[in-house]
Amino acid sequence: MVVNVPTYESKRLEDNFLMRRTAVDFGIPLLTNMNLVKVFADAASKHVKGELVGLDAQTLFEHYQSETDEDAWTTPDEFH
């Protein structure tokens, strides 16, 4: 995970850009907002402590496999 929170006072703009670009190119999670960093850190802490209950992580593919036709927003024959 990459945390890169540039400000208007940042002096190393090219380094900041390259860091963000490389993270995106390699599919590495990237946080660029300090509020989001705080929320993520709080959620990660709660996850480690076991305080997040009722949330089962799934890939999008797994979600679609478990979804019924009534749950879907589109019809089964529609292109996704």
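Residues numbered from 1 in each chain as written. Predicted model: local features only at pLDDT ≥ 70, side-chain atom pairs only at ≥ 80, totals over all residues. Heavy atoms only, no water.

Draft legend 1. Expanded view of the overall build of the chain. Regarding its fold elements, the chain presents three helices and two strands. Along the chain, helices (α) and strands (β) appear in the sequence β-α-β-α-α when read from the amino end. Expected size for 80 residues packed as a compact globule is a radius of gyration near 12 Å; at 18 Å, the chain overshoots this value by more than 25%. A principal-axis box enclosing the C-alpha atoms of the chain has dimensions of 55 × 35 × 20 Å. Relative to its full complement of 80 residues, the chain shows a buried share of 8%. Only carbon and sulfur atoms are counted for the fraction: they give 58% of the accessible area of the chain, which is about 7300 Å². (Helix = DSSP H or I, 4+ residues; strand = E, 2+ residues; numbered from the N terminus. Rg over C-alpha atoms; globule rule 2.2 N^0.38 Å. Buried < 20%, exposed > 50% of the residue type's maximum accessible area, 1.4 Å probe, protein only. Areas by Shrake-Rupley, 256 points an atom, 1.4 Å probe, with all protein chains shown as cover.)

Draft legend 2. Summary view of the environment of Leu18. Its location among the elements puts Leu18 in helix α1 (residues 13-25). Exposure remark for Leu18: the relative accessible area of 42% places this residue in the partly exposed category. Once the C-alpha coordinates of Leu18 and Gln58 are considered, the two residues, 40 residues apart in sequence, prove to be 31 Å apart.

Draft legend 3. A look at the pattern of salt bridges. Overall, the coordinates contain two salt bridges when judged by the stated rule. A salt bridge links Arg12 to Asp15; its shortest N-O distance comes to 2.6 Å. A residue is classified by how much of its surface remains accessible, and Asp15, at 33% relative accessible area, is partly exposed. Salt-bridge contacts for Arg21 lead to Asp25; the nearest nitrogen and oxygen are separated by 2.7 Å. Taken as a pair, Arg21 and Asp25 lie in helix α1 at a separation of four residues, close to a single helical turn. (Salt bridge = Lys/Arg side-chain N within 4 Å of Asp/Glu carboxyl O.)

Draft legend 4. Representation of helix α2 (residues 34-49). The end-to-end C-alpha distance of α2 is 23 Å, a good match for the 22 Å that 16 residues give at a rise of 1.5 Å each. Taking the backbone nitrogen of Asn35 as reference, a side-chain oxygen 2.8 Å away marks Asn33 as the first, capping residue of α2. Once α2 finishes, Gly50 follows within two positions and takes phi at roughly 80 degrees, a positive value. (Expected span 1.5 Å × (residues − 1). Polar contact = N/O pair within 3.5 Å; in protein donor to acceptor, adjacent residues only side chain to side chain.)

Draft legend 5. Region of interest: the environment of Val3. As for its placement among the helices and strands, Val3 is situated in strand β1 (residues 2-3). Residues Val3 and Ala44 lie 41 residues apart in sequence; the distance between their C-alpha atoms is 15 Å. Contacts of Val3, omitting those with residues within four sequence positions, involve Leu31 and Val37. (Contact = heavy atoms within 4.5 Å.)

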